[in-house]
Structures are given as structure tokens and as C-alpha cells.
Amino acid sequence: MCYNLTTYGDCMKDVVNELLNWYDKNKRLLPWRLDKNPYHVWISEIMLQQTRIEAVLSYYERFMKELPDISSLAKVEEDRLLKLWEGLGYYNRARNLKKAAVIIMEKYHGEFPHTYSQIIQLPGIGEYTASAISSICFGEREVTVDGNVMRVFTRFYNDSSNISKESTKKMIHDHLLSILPSRSGDFNEALMELGEVVCIPNGIPKCLSCPIHSKCLSFQHSNYYQFPVKDVKRDKEEVIMTVLIPIWNDKTIVRKRKDLGLLHGLYEFPNYLGVKEEKEILLLARKFGCVERVEKSISYTHVFTHKKWKMQAYFVFLKDTFCQDMFYSILEIENSFPLPTAFTPFLYVLKEVIK
Ligand code: SF4
């Protein structure tokens, strides 16, 4: 039997205090939680979109070391910014951070705006992030609904509404708003934290350690695995590519990607659509200089949100080149060029080859 919110009432209201007490005692001491500085919360929230906390920590620390405040972010060069974002993907998010920082400097004299309605006007900030910043940093009565919250909510109420639908998100948002305590920011963080560490997405939820299990219908019926209900993901488009890694004097070529499309403005190894035959590879390789030999390197598949790049790489050893200016050492690439994760495996194998 499947219950939902309308048949089960607002039992989550009864466990709000348990949830907050649990959060007070168990919350993870994350760097952006040490103060309620909106700059820290903002950067962490943008980094955490699609990436797990453990993976974000080192990026966050590196970012804060170099860009400790809104003013430094507003002034940073784009290549440097993308370099700091390297590995996180979704590079437009980094560009939007800078755009927003420039607006905050000009329109708000460098002080982060305090209200949801002002924050949501900033580039790259949607409802979720505006709610998170305004509730956590400024105590506004706003609710954050992310995947963690939806999972906890639908399990708690045995609610089989499809969470891929905006209407479900709105229903959850409205219900949480109706039971939101005065500690709105802590409540939002507590629900998200519960979804991250207790009511986990993969594997068995830790119901016996869950502060709200006394009222949870999934716990009572042992049917957590039925929730949340969501659309089945479509297959990703597959793109086959051939990657060439020219090598001359322990240096290689990376070039800036065209201004539009996926990973635009970032750097890449020369690459070509489709599988290339030996003859074609040689012809392409000669564009970089006098070819000594070509060797097959690794194949690597990189998965994006909607696409999959299946890449086969080749090392192109050159005796000489007529485009010396295009070659860089590995150190130069690592220090100065934002190379997306799609291409970093090739850099690792190149390091082994020329060391
Ligand atoms: S009791 Fe279990 S299923 Fe229910 S919210 Fe807690 S962890 Fe999730």
C-alpha cells in the first residue's frame, strides 16, 4: 500500500526538533560552515551542484586561498578562474560566479545582498542557491529542495509522486515551508545532511540512526527502495573521437577550444571526430612537424550529463616542428591552462612517457 502526504498529514512537523537536535550534534564541520559568510556558502553551494562534499573540499580550499573574497573574484582573469575550477566541470558556473561578483561590487558596494529576491537576480543563482544563502546566512524563511531533501521527504511520507516533475518539487517546497521552524537555515541544512549521510541514495539507509524514524513510513513498511520515484534516464549520445598528443622536446600541444559549445574556452589536446585510420593519423600528425613515429596510447571514455566521449589517443613523436610556439611543458600546462577532466588522463600518461 502506498501512502502519501494527503493521507498521512504533517507528521514531519512532529520530528522537526529531533532533526535539529541531531543536526546540532552530528553536523560535519565543513569549512563553509565555520561562519555564515555568504561568500563561503555561495561558492560551496555552486561547487556542490553535481559534486559530492568529499570531492569539493580540496577545490574549495584552493579557490579560497587564491580568491578569498568577492573583490578578488570580480578581478580574476578568466583563464585563472577556469584553472581554479579545473576538474569540477560545468565551467559556465565559474564564469557566472565572476559575473555575479562584478555585479555585487558595482551594485552592492562589495557586500553580498541579504534577501532572496536580490540574490536570485545574480547570474548563475537559481531558486535553490538563493534559498540556501538567504536562509543559512540571513535567516530568511526560505526552503531548499534538492535531491537529498526529496529522497528523505518521499521516503518519510511513502510518497510516490515523480520527483522529476516540477509539480512534485513545488509540493515538497510548499509543505516544508508550512512546517519551517525559526532556525530555517539549520532546518534546510539538517534535511540535506540527513539525505547525504543517513537516508543515502545508494545502499541501505541507516534508519536506526535516523532522528526521524519514529514517524517515517518507509521505516515502518521497510520499503525505502521504492522511493523516490523518478524518470528513467535516457541513454547518452555517444561521440567517437581520435586524440593526438604531439611530443617534441618533452613538450606537447594544448589549444583553446572554440568559443561556443561544450567546454568552450578551456584547453584540449588536438582531437578529431570519428575513428581515424593509420594513414589519416599520419596526415593529421604532419600538421605539427616532421613525424618520427606514431604510437597508440590509451582509450578513455568521459561521461558528461548528456553525452559520452569515447576517445582513442595516439602519441605523435616529432623529430622537428615548425610551430614551436604552440608547444608547452607539462609544468606550464599544469600551472597555467585549464584542462578539463575529459583530457587529464592523457596528460597523466604523457607524463609517464616523457619522464
Ligand atoms: S527512517 Fe530511514 S527511510 Fe526514513 S527518513 Fe530516516 S533513513 Fe530515510
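Residues numbered from 1 in each chain as written. Predicted model: local features only at pLDDT ≥ 70, side-chain atom pairs only at ≥ 80, totals over all residues.

**Some words on the overall build of the chain**
Working step 1: Along the backbone of the chain there are 16 helices and eight strands.
Working step 2: With respect to the three principal axes, the spread of C-alpha positions in the chain is 75 × 50 × 30 Å.
Working step 3: The proportion of buried residues among the 355 residues of the chain is 35%.
Working step 4: When contacts within the chain are restricted to residue pairs at least 6 apart in sequence, long-range pairs at least 24 apart make up 70% of them. (Helix = DSSP H or I, 4+ residues; strand = E, 2+ residues; numbered from the N terminus. Buried ≥ 20, exposed ≤ 12 C-beta atoms within 10 Å, placed from the backbone. Contact = placed C-beta atoms within 7 Å.)

**Observations regarding the environment of Glu-238**
Working step 1: Summarising the element assignment, Glu-238 is placed in strand β1 (residues 237–247).
Working step 2: Between the alpha carbons of Glu-238 and Lys-319 there is a distance of 35 Å; along the sequence they are 81 residues apart.

**Some points on the domain arrangement of the chain**
Working step 1: On domain assignment, one finds that the chain holds domain 1 (5–226) and domain 2 (237–354).
Working step 2: Computed over C-alpha atoms, the centres of domain 1 and domain 2 are 37 Å apart.
Working step 3: With four residues, the top contributor of residues to the side of domain 1 that touches domain 2 is helix α6 (residues 78–85).
Working step 4: Counted by class, the side of domain 1 that touches domain 2 contains two nonpolar, two polar and four charged residues. (Domains from an automatic or database assignment. Nonpolar A, V, L, I, M, F, W, Y, C, P; charged D, E, K, R; others polar.)

**Regarding the environment of Met-192**
Working step 1: Structurally, the position occupied by Met-192 is in helix α12 (residues 184–197).
Working step 2: Using a count of 20 C-beta atoms within 10 Å as the deciding quantity, one classes Met-192 as buried.
Working step 3: Along the sequence, Met-192 and Arg-151 sit 41 residues apart, while their C-alpha atoms lie 9.5 Å from each other.
Working step 4: Residues within four places of Met-192 in sequence aside, it is in contact with Thr-144, Asp-146, Asn-148 and Val-149.

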